[in-house]
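Spelled out, the chains give:
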There are 4 protein chains.
Amino acid sequence: MLEELKKEVYEANMELPRRGLITYTWGNVSGIDREKGLFVIKPSGVDYDKLKPEDMVVMDLNGNKVEGDLNPSSDTATHLELYKAFEEIGGIVHTHSPMATAWAQAGRALPCYGTTHADYFYGEIPCARNLTPEEIEEGYEKNTGMVIIETFRDRNPVHVPAVLCKNHGPFTWGKDAANAVHNAVVLEEIAKMNFVTEMLSRGVEPAPQSMQDKHFMRKHGPNAYYGQK
Amino acid sequence: MLEELKKEVYEANMELPRRGLITYTWGNVSGIDREKGLFVIKPSGVDYDKLKPEDMVVMDLNGNKVEGDLNPSSDTATHLELYKAFEEIGGIVHTHSPMATAWAQAGRALPCYGTTHADYFYGEIPCARNLTPEEIEEGYEKNTGMVIIETFRDRNPVHVPAVLCKNHGPFTWGKDAANAVHNAVVLEEIAKMNFVTEMLSRGVEPAPQSMQDKHFMRKHGPNAYYGQK
Amino acid sequence: MLEELKKEVYEANMELPRRGLITYTWGNVSGIDREKGLFVIKPSGVDYDKLKPEDMVVMDLNGNKVEGDLNPSSDTATHLELYKAFEEIGGIVHTHSPMATAWAQAGRALPCYGTTHADYFYGEIPCARNLTPEEIEEGYEKNTGMVIIETFRDRNPVHVPAVLCKNHGPFTWGKDAANAVHNAVVLEEIAKMNFVTEMLSRGVEPAPQSMQDKHFMRKHGPNAYYGQK
Amino acid sequence: MLEELKKEVYEANMELPRRGLITYTWGNVSGIDREKGLFVIKPSGVDYDKLKPEDMVVMDLNGNKVEGDLNPSSDTATHLELYKAFEEIGGIVHTHSPMATAWAQAGRALPCYGTTHADYFYGEIPCARNLTPEEIEEGYEKNTGMVIIETFRDRNPVHVPAVLCKNHGPFTWGKDAANAVHNAVVLEEIAKMNFVTEMLSRGVEPAPQSMQDKHFMRKHGPNAYYGQK
């Protein structure tokens, strides 16, 4: 079942090592079929060079495994909560990509310092709070999702398709699995640029709002004119 | 038309991912035929691994598309202004290469700290000011060019073939498209070196003027003696 | 003799250059056969691209060469002491991987700033003290091992399978040679992340203890649920 | 003539791009035949992917070209002075490798922070002073050599086979061209490690002298025991 989606999710997973975003098995990608209410996710702890499309695990939105011989990613419950809360998204990625993870470990949101950021993310990329000991103890992965959702209470997840989880690492999402990986690549790149920016100029200010608006809108607004129609 | 120039511009564009200067489609190269008054530029948002020489778009200096099925780069109006104002240049590159972009995001000119810089750029590489909200609102890409030209009012663009656009990224140029890419590679390399230099020694001074003169002149002066004649 | 172990240790050694952990011959891996009381180690100063499984040197736990035409690694006496003191370990790695070595040169333990660290190492990765001039003069490599053992007097080497030797570099270990290399790769990655973390936020605190417990235990505890059973 | 040496010097030059030490043509390697009093050096400004062994230029120690169709490296006069002053050396390398160049631009000697350094260089790697405007004006490349020699007035160039030229970049040397390149690779690696070391601990001290002695001597002393005899 969902052979096409499994293949898409498999390909999106394989893009992670190709783009240098992961070491060993430190990442996972999922994609959802909204009509069927099922999502497909990488199995837990399987080496990327042994992964096959048919290893992908099919889950329903109650957290039941619908198909698959292997255990789903240990982060499945986080993906599940995000799919339920963010209805417009079609794919989710988690990595420990080094530069984004460094910002997460520093507990800092990524400010918008330039157009590279503004072309993809409208405003800062927030850093979600730590889970409480209670939230960690019981339902850790589900609560990781809940805290991300709390972080987006006043944010539009389509306009800011990424979050940093404090002392952990990034989650990104998008209209499908491939797009979510694209956003993970962009996040890592701006995490690197912004690190160097701050080293070069302590106290540097975010890019002017008018510039942020312009770049986000020329790619994502109703009158977008970037690319081919 | 302009088959030779299209091929040159195509090859120069393909050099960007090979040199690690771009992620996804974050860059564009153009080249001009001064006699015909036409320039050739990458189409907007097309993946580098799908790009073909015949996809290059031909533009005139009034901003009209003369040939090509695809939309030209969204930055075409910036290239156009630079070709009109800087009459000696034959090629232009825009990238978001990470180290140069970090300096642009920090709003800082690149000081000349050594001979690597002085071999290519005479004096600091300036950082152009931000556009005003009005300049962004109406004719953003054309005004990006106008602000670069304003930055070079008292500078020779042949002696300093690069600029950083604040909160955005670098533009470089050269005698042709390939040479403009060469300068983009050099810029990224010195942006990296100079970052580390400042980290190692806060308050470090630029290289002595006599050394800057010597290195620029031994490669570019009337009595240049670097390389083969 | 020990053909299978020689092959494993050879393969683990070859993984070091593939993972970018070493320059030239700056590293060595060994593996032990606990039943026979013999360990196999890389020969000293042999280029990785000329190394063959049959070049591996077999040593006993008294430091005698049991088999092999070549001299064993100059760090053999360190490996020997660690095998004798840490009875649960099956493989050891020494490298000069750049980021871990930088922490060692700074004389600093690696704090646990996030889950990437906590997934593998329980608590900080300690930095062993410098050897005294006397310890250096006589039995330097053996004493390097003794000082590592001293550092783990109140630590469990299975829970913290790595150490930084001050002004020198890292040693890691694991259940076998391949696992010890795996830990060396992880160590280098977190050394990089943690460096950037500190640059982004001077005075940053370690990850909450409850989070460290959770991540270490979900991979290594009695009820571990990461990966496939 | 000197076909064997030309091939060695060619191979040593080609190792520079393979090891990531150079961008474009920013480096050169030479090797000397002490008996004949002739040295072989890369031609100036020739692309590495077009270089052939027969392009190498043969020079005598008076600075005359003895054989070769191309101009020798613009840094030939520097190599010449070093060969005359440092009689034990057989090969010389100049690069603009980024991390070593950053230290040179910062005008700072590389302190010995660990055994990676001490395995190859005995004590700090000095930074030579800037040339005076007069030294730059007349005989710049020869004077670059003279200032390096001045820097080694109280140093043994065999024990410290590298120097940083202020605001310029590194020169390294060795018993032959290949060994000089080996030292250039090591220099870049420790320049990177030492940069991170200082960022992690401002005010960090050099490695203890006894440790520096031990590591240099176990590889280079009369009783060296590293590697195979």
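Residues numbered from 1 in each chain as written. Chains lettered and ligands numbered in written order. Predicted model: local features only at pLDDT ≥ 70, side-chain atom pairs only at ≥ 80, totals over all residues. Heavy atoms only, no water.

Per an unreviewed UniProt entry, chain A carries the name L-ribulose-5-phosphate 4-epimerase and comes from Hungatella effluvii. Its UniProt record gives chain A the following Function (unreviewed entry) comment, quoted word for word: "Involved in the degradation of L-arabinose. Catalyzes the interconversion of L-ribulose 5-phosphate (LRu5P) and D-xylulose 5-phosphate (D-Xu5P) via a retroaldol/aldol mechanism (carbon-carbon bond cleavage analogous to a class II aldolase reaction)." Checking UniProt for chain A, the heading Pathway (unreviewed entry) contains the comment "Carbohydrate degradation; L-arabinose degradation via L-ribulose; D-xylulose 5-phosphate from L-arabinose (bacterial route): step 3/3." (UniProt positions renumbered as here; feature names shortened; annotations may be inferred.)

Trainee: What is the right way to read the arrangement of the chains from this model?
Mentor: Where chain B comes nearest to chain C, the C-alpha atoms are still 11 Å apart, and the two do not contact one another. Chain A shows no contact with chain D. Their nearest C-alpha atoms sit 11 Å apart. (Contact = heavy atoms within 4.5 Å.)

Trainee: So what exactly am I meant to see when it comes to the UniProt feature "domain: Class II aldolase/adducin N-terminal" (unreviewed entry) in chain A here?
Mentor: What UniProt calls "domain: Class II aldolase/adducin N-terminal" (unreviewed entry) maps, in this numbering, to residues 7-195 of chain A. Across residues 7-195 of chain A one finds 38% helix and 19% strand; the C-alpha atoms that close the span lie 35 Å apart. (Helix = DSSP H or I, 4+ residues; strand = E, 2+ residues; numbered from the N terminus.)

Trainee: Just to check I follow, could you spell out the relation of the copies chain A and chain B for this structure?
Mentor: One copy of the chain maps onto the second through a rotation about an axis and a displacement along it. The transformation that overlays chain A on chain B combines an axial shift of 0.0 Å with a rotation of 90°, and the residual RMSD is 0.0 Å. Such a combination of rotation and displacement between the chain copies is what one expects of a four-fold axis. Minimal C-alpha separation from the rotation axis in chain A is found for A:Met199, amounting to 5.5 Å. (Least-squares fit on C-alpha atoms with pLDDT ≥ 70 in both.)

Trainee: Help me understand the relation of the copies chain A and chain C in this model?
Mentor: The two copies are related by a screw motion: chain A maps onto chain C through a turn of 90° and a shift of 0.0 Å along the axis, at an RMSD of 0.0 Å. A low fraction, 3%, of the interface residues of chain A reappear at the interface in chain C, so the copies pair through non-equivalent surfaces.

Trainee: Please explain unusual backbone geometry as it appears in this structure.
Mentor: What is expected of a backbone is that most residues other than glycine have negative phi and most peptide bonds are trans. The backbone of A:Leu2 shows a phi angle near 55°, a positive value even though the residue is not glycine. Checked against the element boundaries, A:Leu2 lands in the segment before α1 (3-18). On the basis of relative accessible area, A:Leu2 is assigned to the buried category, the value being 13%. Residue D:Asn167 is not a glycine yet carries a positive backbone phi of 60°. (Buried < 20%, exposed > 50% of the residue type's maximum accessible area, 1.4 Å probe, protein only.)

Trainee: So what exactly am I meant to see when it comes to the interface of chain A and chain B here?
Mentor: When the parts of a complex come together, some accessible area is lost, and that lost area is often used as the size of the interface. Residue-level contacts link 34 residues of chain A with 34 residues of chain B. Between chain A and chain B lies a buried interface of about 3000 Å² when both sides are counted; carbon and sulfur atoms form 56% of it. At the junction of chain A with chain B, the criterion picks out 2 salt bridges. In this structure, the salt-bridge partner of B:Asp75 is A:Arg218, at a minimum N-O distance of 3.6 Å. Summed over the shared surface of chain A and chain B, the result is 15 residue pairs in polar contact (both at pLDDT 80 or more). Mapped onto the side of chain A that touches chain B, the elements with two or more residues apiece are α4 (115-118), α7 (177-200) and α8 (209-220) of chain A. It is α7(A) that contributes the most residues to the side of chain A that touches chain B, 12 residues altogether. When its residues are assigned to classes, the side of chain A that touches chain B shows 15 nonpolar, 11 polar and 8 charged. (Buried area = accessible area lost by both parts, 1.4 Å probe. Salt bridge = Lys/Arg side-chain N within 4 Å of Asp/Glu carboxyl O. Polar contact = N/O pair within 3.5 Å; in protein donor to acceptor, adjacent residues only side chain to side chain. Nonpolar A, V, L, I, M, F, W, Y, C, P; charged D, E, K, R; others polar.)

Trainee: Looking at this structure, how should I read the environment of A:Met199?
Mentor: Note that A:Met199 resides in helix α7. Counting along the chain gives 185 residues from A:Met199 to A:Met14, while the straight-line C-alpha distance between them is 33 Å. Setting aside chain neighbours within four positions, we find A:Met199 in contact with B:Phe195, B:Met199, B:Arg202, C:Met199 and C:Leu200.

Trainee: Explain the sheet that holds strand β1 (residues 27-33) of chain B to me, please; I cannot follow it from the model alone.
Mentor: Note on sheets: strands pair through backbone hydrogen bonds, and any given pair is parallel or antiparallel. All names here are of chain B. Across the sheet, 8 strands lie side by side as β4-β3-β2-β1-β5-β8-β7-β6; this open sheet has mixed pairing. The outermost strands of the open sheet, each flanked by one partner alone, are β4 (65-67) and β6 (127-128). Relative to strand β8 (residues 169-174), strand β7 (residues 162-165) runs antiparallel, the two sharing 4 bridges. Paired with Ala162 across the bridge in β8 is Thr172. (Pairing = 2+ DSSP bridges.)

Trainee: Where do I start with the interface of chain A and chain C in this structure?
Mentor: Listed as interface residues are 34 residues of chain A and, on the opposing side, 34 residues of chain C. Interface area, chain A with chain C, both sides summed: about 3000 Å², of which 56% is carbon and sulfur. Ranking the residues of chain A by area buried against chain C places A:Tyr24, A:Trp26 and A:Gln105 at the top, with a combined share of 24%. At the boundary of chain A with chain C, the tally comes to 2 salt bridges. Along the lines of polarity and charge, the residues of the side of chain A that touches chain C split into 15 nonpolar, 12 polar and 7 charged.

Trainee: Sorry, what's going on with the pattern of salt bridges here?
Mentor: Pairing is possible between side chains that carry opposite charge, provided their charged atoms lie close to one another. Taken as a whole, this structure holds 68 salt bridges over all chains when the rule is applied. As a salt-bridge pair, A:Lys175 and A:Asp176 come within 3.9 Å of each other at their nearest N and O atoms. In this structure A:Lys175 comes out as exposed when scored by relative accessible area, which is 63%. Linking D:Lys50 and D:Asp47 is a salt bridge whose minimum nitrogen-to-oxygen distance equals 3.8 Å. When its relative accessible area of 56% is taken as the criterion, D:Lys50 is described as exposed. D:Asp47 gets classed as partly exposed once you look at its relative accessible area, which sits at 33%. Here the residues in one salt-bridge network are A:Glu3, A:Lys6 and A:Glu67, joined through shared partners.

Trainee: I keep staring at the sheet that holds strand β2 (residues 38-41) of chain C and nothing clicks. Help me out?
Mentor: Residue and element names in this part refer to chain C. Here 8 strands make up an open sheet; going across it, the order is β4-β3-β2-β1-β5-β8-β7-β6 and the pairing mixed. Of all the strands in the sheet, the pair left with one neighbour each is β4 (65-67) and β6 (127-128). Note that β2 and strand β3 (residues 57-60) share 4 bridges and pair antiparallel. In the sheet register, Phe39 faces β3, and the bridge partner there is Met59. On the sheet, helix α6 (residues 140-151) packs against β6, β7 (162-165) and β8 (169-174) and is oriented at approximately 125° with respect to β7. (Axes fitted to C-alpha atoms, helices over the stretch in contact; angles between N-to-C directions.)

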